[in-house]
Amino acid sequence: MPLTLDTLSEHCRINKYHICRLFQKSEQTSPLAYLKDRRVEATIALLRTTDLPIHEVGGRCGYESPRLEFPYHAIYFE
């Protein structure tokens, strides 16, 4: 199941807009940007330290369609 603000909001029983405001204040970034950055860091670490195929690494890092979403990471390797 993908992590969304709606699922987080339901789990925490807090309004999703309030979660965004609290998160932004605490982390100086949006929840979505934070999640993307953590996924990129995890992907880079796995690519550097394992021999796993790219699609396996993407799946382990939370990408539902790693083959389609992987080009996003190309920016970080240039």
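First, a word on what this report is: a plain description of the structure on this page. (Residues numbered from 1 in each chain as written. Predicted model: local features only at pLDDT ≥ 70, side-chain atom pairs only at ≥ 80, totals over all residues. Heavy atoms only, no water.)

## Some thoughts on the overall build of the protein chain
Helix and strand counts for the protein chain stand at six helices and zero strands. Secondary structure elements of the protein chain, listed N to C terminal, follow the sequence α-α-α-α-α-α. Across the 78 residues in the protein chain, those meeting the buried criterion constitute 17%. When contacts within the protein chain are restricted to residue pairs at least 6 apart in sequence, long-range pairs at least 24 apart make up 29% of them. Of the roughly 6,000 Å² of accessible surface on the protein chain, 57% is carried by carbon and sulfur atoms. (Helix = DSSP H or I, 4+ residues; strand = E, 2+ residues; numbered from the N terminus. Buried < 20%, exposed > 50% of the residue type's maximum accessible area, 1.4 Å probe, protein only. Contact = heavy atoms within 4.5 Å. Areas by Shrake-Rupley, 256 points an atom, 1.4 Å probe, with all protein chains shown as cover.)

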